[in-house]
Amino acid sequence: MKSQTHPPRIDEIRAVQRSDADAESLEADDDRELEAFADADLSGRDLAGITLRECAVDGVNLDDANLRGARLLETILAAVQAPVLRMSRSTLRDVVLERSRLGSAELFDTTWNSVRIRQCKLGYVNLRGSRLTDVIFEDCTIDELDLGGATATRVALPGTTVKTLDVTRATLKHVDLRGLDFRAVHGLQGLAGATVTEMQVAELAHLFAAQLGIVVEG
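Everything quoted here is computed from the prediction, not taken from an experiment.

(A) Just the overall build of the protein chain, in detail. When helices and strands are counted, the protein chain shows 1 helix and 18 strands. Its C-alpha atoms give the protein chain a radius of gyration of 18 Å, near enough to 17 Å, the size a compact globule of 218 residues would have. Looking at the protein chain as a whole, 47% of its 218 residues qualify as buried. Residue pairs in contact within the protein chain that sit at least 24 positions apart in sequence constitute 11% of those at least 6 positions apart. Total accessible area computed for the protein chain in this model is approximately 10,800 Å², and 48% of it derives from carbon and sulfur atoms. Averaging the positions of the 25 positive and the 35 negative side-chain charges in the protein chain gives two centres separated by 5 Å.

Given below as structure tokens:
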């Protein structure tokens, strides 16, 4: 039987020639194109409103940097470190984030289109009120994924583990949870529009019973 769940449509980032650039020169509201930034410590820097177009960021520390309102377009980020990432109200389009470690990621009120997150270790990912379209979390470990009040369309999480998933008042459409290993779910009604396996339905039934105070005994 053909699946009724539409998969994410992820555009491949085209191969381009980028020039090496000094990450230390980055400032708030900069608009950079076709540049590569590597092995830099930008912790605590004010980079609010920055735009990166067809850029590459590799091995950069962004701990507590201010990236609010940033625009990342056709950009690849690898081996990024940020115990605290402040990137609310930003825009990500055609972005890859891979092999990175983020602790508390403030990503609320963001807009994601064609975004791939792979092989990352993430702590608290705050996507409350965000709009996610064509997004895939692949082979990631996430402590808490907060989609409260978010709108998610064509999102998949293959090979990913989420300890706590919060979908309170979320709007989901073609969200594929079949490859997700979850431990707890908050706001179960927000799962409307998601696709799960029969085994996951059984797990959700136990969670639902626990939330209602129902005792299940054999």
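(B) Inspection of unusual backbone geometry at higher detail. One non-glycine residue, Leu 34, adopts positive backbone phi at about 55°. Residue position: Leu 34 is located in the loop between strand S2 (31-33) and strand S3 (35-38). Leu 34 gets classed as partly exposed once you look at its relative accessible area, which sits at 29%. Positive phi, normally seen in glycine, also occurs at His 174, with a value near 55°. Of the residues examined, His 174 reaches a relative accessible area of 18% and is grouped as buried.

(C) Region of the structure containing the sheet that holds strand S15 (residues 160-166). Sheet architecture is open: 6 strands sit in the order S7-S9-S11-S13-S15-S17, paired in parallel fashion. Here the strands that pair on one side only, and so sit at the sheet edges, are strand S7 (81-86) and strand S17 (180-186). Within the sheet, the average angular offset between the axes of one strand and its neighbour, ignoring direction, is 10°.

(D) Structural context of the side chain of Asp 176. Note on placement: Asp 176 falls in strand S16 (residues 171-176). Look at Asp 176 and you get buried, because its relative accessible area is 17%. One polar contact links Asp 176 to Arg 178, side chain to side chain, over a distance of 2.7 Å. Every residue in contact with Asp 176, bar those within four places of it in the chain, is listed here: Thr 5, Val 155, Ala 156, Leu 157 and Thr 195.

Quick notes on the rules
- Residues numbered from 1 in each chain as written.
- Predicted model: local features only at pLDDT ≥ 70, side-chain atom pairs only at ≥ 80, totals over all residues.
- Heavy atoms only, no water.
- Helix = DSSP H or I, 4+ residues; strand = E, 2+ residues; numbered from the N terminus.
- Rg over C-alpha atoms; globule rule 2.2 N^0.38 Å.
- Buried < 20%, exposed > 50% of the residue type's maximum accessible area, 1.4 Å probe, protein only.
- Contact = heavy atoms within 4.5 Å.
- Areas by Shrake-Rupley, 256 points an atom, 1.4 Å probe, with all protein chains shown as cover.
- Lys, Arg positive; Asp, Glu negative; His and termini not counted.
- Charge placed at Lys NZ, Arg CZ, Asp CG, Glu CD.
- Pairing = 2+ DSSP bridges.
- Axes fitted to C-alpha atoms, helices over the stretch in contact; angles between N-to-C directions.
- Polar contact = N/O pair within 3.5 Å; in protein donor to acceptor, adjacent residues only side chain to side chain.

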